[in-house]
Amino acid sequence: LRETVRVAPGDPTAYHFLGIAYINRGDERAAATWLRRAAALDPTDAWVQTRLGGTLVNTGRVDEGLAALDAAVRLDARLPTAHLFRGVALGRKGD
């Protein structure tokens, strides 16, 4: 996947999948880096915003994660994973 990012640096899907790969490896801090790039390249992708938000929440960046999750819900209110992670984020904030 890193090769794909090198060859196609403007492709948000490559960054998204690289972020998922790091989530699967248990390295959510690295995942957040790649997911941020994916979100910057395509801020209209609700799944990217959801994964970014969940990853940020899991690494203690609850307010940033909540902002990404709010964006995900605005983009696709029917995305249950975004609502789930948003609930987790609000719970961690005590709301």
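For the structure, see preceding data.
Described in the following lines is the structure provided in the data block.

Spanning 14 residues, helix H3 (residues 28-41) covers 20 Å between terminal C-alpha atoms, matching the ideal 20 Å at 1.5 Å per step. Turning to H3, its buried residues number three or more, namely Ala30, Ala31, Ala32, Trp34, Leu35, Ala38 and Ala39. Here the buried face of H3 lies against helix H1 (2-7), helix H2 (12-25) and helix H4 (46-58).

Another aspect to go through is H2. In a regular helix each residue adds 1.5 Å, so 14 residues correspond to 20 Å; H2 covers 20 Å between its end C-alpha atoms and thus fits that length. The complete set of buried residues in H2 reads Ala14, Tyr15, His16, Leu18, Gly19, Ile20 and Tyr22. Against H1, H3 and H4 lie the buried residues of H2. Its side-chain oxygen placed 3.0 Å from the backbone nitrogen of Thr13, Asp11 serves as the N-cap of H2. Gly26 sits one or two residues past H2 and shows a positive phi near 90°.

Cut-off values and rules
Residue numbers here run from 1 along each chain, matching the order of that chain's written sequence. The predicted origin of the model limits local features to residues at a pLDDT of at least 70 and limits the giving and counting of side-chain atom pairs to 80 or more, whereas totals for whole chains, interfaces and linings rest on all residues. For side-chain calculations, the full set of non-hydrogen atoms in the structure is used, while hydrogens and water are omitted. In this text, helices come from DSSP runs of H or I with a minimum length of four residues, and strands from runs of E with a minimum of two, each type numbered from the N-terminal end. Here a helix's expected span is defined as the number of its residues, less one, multiplied by 1.5 Å. Only protein chains enter the area calculation, which uses a 1.4 Å probe; residues under 20% of their type maximum are buried, those over 50% are exposed, and those in between are partly exposed. Any pair of residues with heavy atoms lying within 4.5 Å of one another is described as a contacting pair. In protein, a polar contact means a hydrogen-donor-capable atom and an acceptor-capable atom, both N or O and within 3.5 Å, with residues adjacent in sequence counting only if both atoms are side-chain atoms; elsewhere, any N or O pair within 3.5 Å suffices.

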